[in-house]
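# Structural description and commentary
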Amino acid sequence: MCIISSLSANCRRNHKWKRHLSGIEHHKAVNLYHIQQQKTRFWIIISGILLLLSTAGLVIFSLRGTMDFFRTPSEITEDDMRWKTRIRLGGYVKEGMIKRAGTGVRFHIADLQNCIEVYFNGVLPDLFREGQGVIAEGFFDENGVFMAVRVLAKHDEKYAPKVFQ
Amino acid sequence: MFVELGHFLLILALALSLYQAIVPLAGVFFNDSRSVATARPVAGLIFILVALSFCVLIHAYIISDFSVLNVVLNSHSEQPLLFKISGVWGNHEGSMLLWVLILTFFSAIFAFFSKNLPRNLGALVLVCQSFIAVAFLAFILFTSNPFQRLEPPGLQGRDLNPILQDIGLSLHPPMLYLGYVGFSICFSFAVATLLDGCVDACFGRLVRLWAVISWIFLTGGITMGSYWAYYELGWGGYWFWDPVENASLMPWLSGVALLHSAIVLEKRSSLKIWTVLLAIITFSLSLLGTFLVRSGILISVHNFAVDSMRGIVILCILAFFIGGALLLFAFRAPMIRNSGLFHPISREGAIIFNNMFLMTTVATVLIGTLYPLLLEVLTGTKISVGAPFFNWTFCPLMLPLLLIVPFGPLLTWKRGDIAIAAERLLLSFAVALAVLAFVLYITEGQMVLAAAGFGLAFWVIVGALTDIFIRTGIPGTCWTLRWKRFRQLPGAFWGTAFAHVGLGITLFGMIAVTTFGEEYTINIKKGDSIAIAGRKINFDGYEVYNGPNYDEHRLHFTLTEENHQIGHVMTSRRFFPSQSVQTTETGLLWDGLSQYYIVPGDYIDNNGMIIHIWWKPQVLCIWLGGFFMMAGGVFSLTDKRFRIGVLKRKRQRVYNRSLK
């Protein structure tokens, strides 16, 4: 019932707009047109500004949570070890140090000076092997072992083996 | 010999594109109708030349012509035929050629169907298309020539990257490019209209037509790419917020905004300036995507070569087209006058709301994608902006949009009544609340956010279906009358309904996987079994198999429920000796729309093996929703007003009437 009554109200409104307009009325209608246009524009602009401001806030808030791309074992400080912050550790897999036990795997990520023990429980990526550059994402436990949550193997863009390069 | 012919045809195409970029343009300015008229046939000719040249490259791949550098680098004589062919666009040079092929294809199609357009406007669109074609043909010929010979010829090719040796490569890039490049017509149309100075409903209709066509392909490309990444990479995810994925998401979102605002332009003659700007922005984002992927500044699966020269050239092309178009827009836009009048609460208002949120989302995705690159260039610090950033910005922006989706089609043009729309949506609100309560009940009140998400998905789906009831009658209408009206509903209506339902289905799939998915990593021996999602999966052992250009370890599993065998699945690790690379072939066991997803580890001892296993409930809904959206696009194309000739007949009627 409510639907029908408001529909007929709409029709009446439309009817009013459509009737023939004399000169002065026409002038009034043009004025009304501009006022309505400005009103609509005002609301669009205000809501646009509000949306942009809140999004800017959201973006700045979210960007604070971004991580360093990765740090090498030499760049790891005592603080990183103490505060279990989530970081990315990058380096190459040290040769002859991969040990498996159950589903877990222990290996060492090294750069030219230092080397850090990493524990990862899961399936390693296809390109993981000794001497390969990898990035491990995770945190340090109490014993200074890096508990990796995710391991990414870095690859060069062509995926080509070293022989060809 | 053949190869040189292909190279020559490409040079010829460049020369003709140069002709088409200059002569018809001069014709428009000097009022020479004969040179303007050459634009259309030349567009067809350029397409034929580029297509022949592309065929030559495919031929070189099929016969494994190892005197061509590109073939040596990306093919192998033992590769299956399908991968030899799709290998053509599995590398930088070939994929750029595909890009140009599709560009010229769309120009030719446009030229063929533009008989009804004013001649100057049609010619200007083709001129703009040729400018793009010239830039990219020159780019191919001078910096990345696929026809370069190798002296002396190679004995064997280096093989296509094993990850790309999949049916996905045959479908995903061509679909995606059809989407990306299709928006070039909208862009050229916007530029031509700005030059011509007349933005009318006809512009809205044609821009919408092309935007919908490109959007269908882009949706298909993204959907397929997502499913491909899901089963090929073995990480169990469907979207990684990888910069390359973002590069395709941005034009998609912007395209959605464009095809909505074009409706307003077509039906109400409002939002003219905004639609023109959106057409420019959408293709600019496609170009940006091409730049991000092709310049080599990103490290990802999609990246084939690092060559700073190429990056700089593409950056210049990008700057020229985006800068030029925006400059033209700045000068000419003030001439465009809006004529439609509307109240903020109306269908126009709802579409503006949609556009504002979509474009803000595009802006945040753009920031998240470019910020690390800019930071690295400016300060040298490398950071990664990953999933947390995008989840935090994308979801809050999508939430209000999804809430408002069912309202849009229920509001009337010019001045809507929110109370009426809300009253009509009572049913979907009730369904959403019921779903929310049900999910809360089965998770024992643990998952409030997930329950709200399920509610939202059903709100969108049922809200879109409500419209069918409203369009076919009032509550008392008899069913035969409803059926009659149901069959007469226009294509545009079904387009909206399907696309919105698809959105809800995708959302449902995503939330179902995140909420009810299970994941285990275990060391499994032959004969062992693992309990997952109320069923058991037994490991039956493994075998060694030799494929055409790889060797693999195949692992066999059976799914059982109360000792009844339900399904069997195989998963494997492949070793490609030609590249000494291994890949994972995930085992997918379908159960309705849900899947079991098994990935083998690389370590075997005493017949035991590490496997990673997921239960993915309703995961296929994610991509099913994508197909619903595509179907929506196709339905809206079948709408009567898009049929060829309708425009012309309508014009003729108007003309006749004015004569009377």
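Glancing now at the state of the cysteines. All names here are of chain B. Within the structure shown, the criterion is met by 0 disulfides over all chains. Take Cys 316: it sits in no disulfide, and the sulfur closest to it among the cysteines is that of Cys 128, at 18 Å. Looking at the unpaired Cys 621, the closest cysteine sulfur is the one in Cys 395, lying at 18 Å. Judged by relative accessible area, which is 4%, Cys 621 ranks as buried.

Here we come to the sheet that holds strand S4 (residues 535-546) of chain B. Residue and element names in this part refer to chain B. Strands sit in the order S3-S4-S5-S6-S7 across an open sheet of 5 strands; the sheet is antiparallel. The open sheet is flanked by strand S3 (529-532) and strand S7 (581-585), the only strands paired with a single partner. Averaged over all pairs of adjacent strands, the angle between strand axes in this sheet comes to 25 degrees, irrespective of strand direction. Summarising the sheet, S4 and strand S5 (residues 551-561) pair through 10 bridges and their orientation is antiparallel. By the bridge assignment, Ile 537 is partnered in S5 with Leu 559.

Turning our attention to the pattern of salt bridges. All names here are of chain B. Applying the stated criterion across every chain yields a total of 12 salt bridges over all chains. Note that Arg 535 is salt-bridged to Glu 561, the shortest N-O span being 3.4 Å. Here Glu 561 lies in strand S5 and Arg 535 lies in strand S4, a separation of 26 residues in the sequence. We note a salt bridge from Glu 552 to Arg 554, for which the minimum N-O separation is 2.7 Å. Residue Glu 552 is classed as buried on the basis of its relative accessible area, which comes to 2%. Among the charged side chains, a network of salt bridges with common partners joins Glu 552, Arg 554, Arg 574 and Glu 585.

On to unusual backbone geometry, then. Residue and element names in this part refer to chain B. For the bond running from Glu 151 to Pro 152, omega is -5 degrees, close enough to zero to count as cis. Relative to the helices and strands, Pro 152 is located in the loop between helix H7 (119-143) and helix H8 (167-196). With a phi angle near 50 degrees, Ala 533 is a residue other than glycine that sits in the positive phi range. Tracing the backbone through its elements, the reader meets Ala 533 in the loop between S3 and S4.

On the surface, A:Phe42, A:Trp43, A:Ile46 and A:Leu50 cluster together to form a nonpolar patch covering roughly 420 Å² of accessible area. Tracing the backbone shows A:Trp43 in helix H2 (residues 23-63).

Okay, the environment of B:Ala190 next. Residue and element names in this part refer to chain B. In this fold, Ala 190 is placed in helix H8. Along the backbone, Ala 190 and Thr 275 are 85 residues apart, and their C-alpha atoms lie at a distance of 8.6 Å. When sequence neighbours within four positions are dropped, the list of residues in contact with Ala 190 reads Phe 203, Val 276, Ala 279 and Ile 280.

It is worth spelling out helix H3 (residues 39-62) of chain B at this point. For H3(B), spanning 24 residues, the distance from its first C-alpha to its last is 35 Å, which sits close to the expected 34 Å at 1.5 Å a residue. Directly beyond the C-terminal end of H3(B), a positive phi value near 50 degrees is found at B:Ser64.

All names here are of chain A. When pLDDT is averaged along chain A, the result is 72, and 76% of the positions lie at 70 or above. The least confident element of chain A, judged by mean pLDDT, is helix H1 (residues 2-18) at 42; the most confident is strand S5 (residues 115-121) at 87. Here residues 1-18 is modelled with pLDDT under 50, and outside its nearest four sequence neighbours on either side it reaches 5 contacts, counting other chains as well.

So, how was this worked out
- Residues numbered from 1 in each chain as written.
- Chains lettered and ligands numbered in written order.
- Predicted model: local features only at pLDDT ≥ 70, side-chain atom pairs only at ≥ 80, totals over all residues.
- Heavy atoms only, no water.
- Disulfide = S-S within 2.5 Å.
- Buried < 20%, exposed > 50% of the residue type's maximum accessible area, 1.4 Å probe, protein only.
- Pairing = 2+ DSSP bridges.
- Helix = DSSP H or I, 4+ residues; strand = E, 2+ residues; numbered from the N terminus.
- Axes fitted to C-alpha atoms, helices over the stretch in contact; angles between N-to-C directions.
- Salt bridge = Lys/Arg side-chain N within 4 Å of Asp/Glu carboxyl O.
- Patch = residues over 30% accessible without salt bridge, like charges linked within 9 Å, V, L, I, M, F, W, Y side chains within 5 Å.
- Areas by Shrake-Rupley, 256 points an atom, 1.4 Å probe, with all protein chains shown as cover.
- Contact = heavy atoms within 4.5 Å.
- Expected span 1.5 Å × (residues − 1).
- pLDDT = per-residue confidence, 0-100.

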